[in-house]
Amino acid sequence: MIRKEKRRTLIIASASTALAASLLGAGAAQAAKPEQAAAPDISVDAVQKDLKELQSVAEANGGNRAHGEPGFKASIDFLKKKLDDAGFKTEVQEFDHGGATGYNLVADWPGGGSADETVMVGSHLDSVGSGAGINDNGSGSAGVLETALAVSAEKLEPKKHLRFAWWGAEEQGLVGSQHYVDSLSQDEVKNISAYLNFDMIGSPNAGYFVYDDDAAVQKVFTDWFKSKDIKTETSAEVGGRSDHASFAAAGVTVGGTFTGAGDTMTEEQAKQWDGQAGEPYDKCYHSECDDVSNINEKALDLNSDAIAHAVWELSS
Ligand SMILES: [Zn+2]
């Protein structure tokens, strides 16, 4: 997630959101959806293993996975191989930023419906220059990766098309995701029925936040967490500070989850989430100590499962 001073102003069209929610509600009442299998449980051990791999990538490349540095391209290569082996159609999109080549990795699942209705799931893969970037944002990247691999393992044939993406140069100001959105035609933008973003899902002093940009998408997450006895909140902290802002600015419906960055947990939240009041959600936010020890495994596990649930639910 980018620093506060770099945040993009995000204007939420509340009227259209409310309309979309009411249309969705009406549709569900009139025509019951066909039964679909529930999303599988995502193995937190597999997610943790990916984080260890990303840590190794950083250590082999000067300690970081930042835009323009060799550790970023090595991170892209690591994910691409896993997705290619699982049967995804992958593409590495290149762009220039600040005199360095940046990369986005886009992976389309060949099973399921046509791209006229596409559900996109993304996370930024770059770290800042000062560390391995394991919570920010190895965590979201690994949770999205394991969800994509679960789609392959289950040979999912969803009604909608599924596309996964890992963005470059997010920490430079959402550069990779903006480049991707700019590369789409107006029709291609319209075909994205939702974009889900996951940036920091394993914060050590974890909050359980759900993006509030779209009521219907928000409910998919809040209901799921409620079923696990976890009360979620919306977060003023995330705002326009991650790649969903590039999509929202183009009029795409967005959603996602977040476990908090440098802001401080309140007393009430600490009671609710068994956390430390008065401490930041992530004391290693954008610091060298954002390594594999900087992860709350319970939050990582729950949010990874929540990603899979939302993908199954929204693509069916
Ligand atoms: Zn960040």
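Within any chain, residue numbers begin from 1 and follow the written order of that chain's sequence. The predicted nature of this model means local features are confined to residues of pLDDT at least 70 and side-chain atom pairs, given and counted, to a pLDDT of 80 or more, with totals for whole chains, interfaces and linings taken over all residues. To obtain the side-chain values, all non-hydrogen atoms of the structure were included, while hydrogens and water were left out.

The protein is annotated in an unreviewed UniProt entry as Peptidase M28 from Streptomyces abyssalis.

Student: How should I be thinking about the overall build of the protein in this particular structure?
Tutor: Tallying secondary structure elements over the protein gives ten helices and seven strands in all. Computation of the radius of gyration draws on C-alpha atoms, with the globule rule given as 2.2 Å multiplied by the number of residues to the power 0.38. The C-alpha radius of gyration of the protein comes to 18 Å, within 12% of the 20 Å expected for a compact globule of 316 residues. With the C-alpha coordinates aligned to their principal axes, the bounding extent of the protein is approximately 55 × 45 × 35 Å. Residues counted as buried form 54% of the 316 residues belonging to the protein. Only heavy atoms enter the contact rule, under which two residues are in contact if any of them lie within 4.5 Å. Intrachain contacts of the protein at a sequence separation of at least 6 include 79% that bridge at least 24 residues. Accessible surface, the protein: about 13,200 Å² in total, of which carbon and sulfur atoms supply 49%. In this tally, Asp and Glu contribute negative charge and Lys and Arg positive charge; neither His nor the terminal groups of the chain are included. For the purpose of locating charges, the reference atoms are NZ of Lys, CZ of Arg, CG of Asp and CD of Glu. Positive and negative side-chain charges of the protein, numbering 27 and 49 respectively, have mean locations separated by a distance of 2 Å. Here a strand is any run of E in DSSP of at least two residues, a helix any run of H or I of at least four, and the numbering for each starts at the N terminus. The buried label applies to any residue whose accessible area, calculated with a 1.4 Å probe on protein chains only, is under 20% of its type's maximum; exposed applies above 50%, and partly exposed to all values in between. Each accessible area value is a Shrake-Rupley result obtained with a 1.4 Å probe; residue values ignore everything except the protein chains displayed when judging cover.

Student: Whenever I open this one, the UniProt feature "domain: Peptidase M28" (unreviewed entry) in the protein confuses me. Can you help?
Tutor: Following the UniProt record, one finds the feature "domain: Peptidase M28" (unreviewed entry) at residues 104–310. Segment residues 104–310 splits into 35% helix and 16% strand. End C-alpha atoms: 23 Å apart. UniProt positions are given in the numbering used here, feature names are shortened, and annotations may be inferred rather than shown by experiment.

Student: Help me understand the coordination of the zinc ion in this model?
Tutor: Ideal geometry at a metal centre gives angles of 109.5 degrees when four donors are arranged tetrahedrally and 90 or 180 degrees when six donors are arranged octahedrally. Any N, O or S atom lying within 2.8 Å of the metal counts as a donor, with the limit raised to 3.2 Å for Na, K and Ca; because water is left out of the atom set, some sites can appear incomplete. Surrounding the zinc ion are the protein donor atoms Met-1 (N), Met-1 (O), Asp-136 (OD), Glu-171 (OE), Glu-171 (OE) and His-286 (NE2), which sit 1.9 to 2.7 Å from the metal. In short, tetrahedral needs four donors with all angles between 85 and 135 degrees, square planar needs four and octahedral six donors with opposite donors over 155 degrees apart and all other angles between 65 and 115, and whatever is left is irregular. In this structure, the zinc ion is surrounded by six donor atoms whose angles at the metal cover 54 to 157°, and the resulting shape is irregular. Along the chain, the residues that donate to the zinc ion are spaced as M-x134-D-x34-E-x114-H. Pair noted here: Met-1 is in the segment before α1 (14–30) and Glu-171 is in the loop between β4 (161–167) and α5 (175–182), with a separation of 170 residues, a long-range link. Given a relative accessible area of 7%, Glu-171 falls into the buried group.

Student: Help me out: how do you make sense of the nonpolar core in this one?
Tutor: In a soluble, globular protein the nonpolar side chains are often hidden away together inside. Residues grouped as a nonpolar core are buried Ala, Val, Leu, Ile, Met, Phe, Trp, Tyr and Cys residues, joined through side-chain atoms within 4.5 Å. Leu-79, Leu-83, Val-121, Phe-164 and Trp-166 are the most contacted members of the largest nonpolar core, which totals 68 residues. Considering each element in turn, this core owes the most residues, ten residues, to helix α10 (residues 297–315). Each residue touching Leu-83, except ones within four places of it in the same chain, is listed here: Phe-88, Thr-90, Leu-105, Ala-107, Leu-145, Ala-148 and Trp-166. Among the nonpolar cores identified, the runner-up in size contains 14 residues, and Val-106, Met-120, Trp-167 and Tyr-180 belong to it.

Student: Before we go on, may I ask you to explain the pattern of salt bridges in this structure?
Tutor: Oppositely charged side chains are able to pair whenever their charged atoms sit close together. Take a side-chain nitrogen of Lys or Arg and a carboxyl oxygen of Asp or Glu: if they are within 4 Å of each other, that pair is a salt bridge. Under the defined criterion, the tally for this structure stands at seven salt bridges. Residue Asp-77 is joined to Lys-73 by a salt bridge in which the shortest nitrogen-to-oxygen separation is 3.1 Å. Placement of the pair is Asp-77 and Lys-73 together in helix α3 (residues 70–85), with a separation of four residues, close to one helical turn. Here Asp-84 and Lys-80 are joined by a salt bridge, their closest N and O atoms 2.8 Å apart.

Student: Teacher, can you tell me more about the sheet that holds strand β5 (residues 192–198) here?
Tutor: Two pairing modes exist for strands in a sheet, parallel and antiparallel, and in both the strands are linked by backbone hydrogen bonds. A pair of strands is labelled paired if DSSP reports no fewer than 2 bridges between them. A sheet is described by the order of its strands in space; here seven strands give the open sequence β1-β2-β4-β3-β5-β7-β6, paired in mixed fashion. The sheet is open, and its two edges are formed by β1 (89–97) and β6 (209–210), each paired on a single side. Two strands pair when backbone bridges link them, and β1 and strand β2 (residues 100–108) are joined in this way by nine bridges, in the antiparallel orientation. Of the residues in β2, the one forming a bridge with Glu-91 is Val-106. Lying on the sheet, α3 is in contact with β1, β2 and β4; it crosses β2 at an angle near 15°. To get an axis, fit a line to the C-alpha atoms, keeping to the stretch in contact for a helix; angles then go from 0 to 180 degrees between the N-to-C directions.

Student: Sorry, what's going on with the pairing of strand β7 (residues 254–258) here?
Tutor: Each regular strand shows side chains that alternate between the opposite faces of the sheet. Along β7, five of the five residues are buried, which leaves the element largely enclosed by surrounding structure. Alternating positions in β7 separate into two faces, Val-254, Gly-256 and Phe-258 on one and Gly-255 and Thr-257 on the other, with burial throughout. Taken together, the four bridges between β5 and β7 define a ladder with parallel strand orientation. Bridged to Leu-196 within β7 is Gly-255. As paired elements, β6 and β7 share two bridges and run antiparallel to each other. Counted as the bridge partner of Phe-209 is Phe-258 from β7.

Student: In this structure, what is going on with the environment of Asp-136? I would like to understand it.
Tutor: By the element assignment, Asp-136 lies in helix α4 (residues 134–153). For Asp-136, a relative accessible area of 1% puts it in the buried group. Considered as a pair, Asp-136 and Gly-251 are 115 residues apart in the sequence and their alpha carbons are 26 Å apart. In this structure Asp-136 touches Met-1, His-124, Asp-126, Ser-127, Glu-171, Asp-199, Met-200, Tyr-285, His-286 and Asp-290, once residues within four positions along its chain are discounted. Whenever a nitrogen or oxygen atom comes within 3.5 Å of another N or O atom, the pair is scored as a polar contact, on the condition that within protein one atom can donate a hydrogen and the other can accept it, and that pairs from neighbouring residues in sequence are kept only if both atoms are in side chains. Here His-124 takes part through its side chain, which lies 2.9 Å from a polar atom of the side chain of Asp-136.

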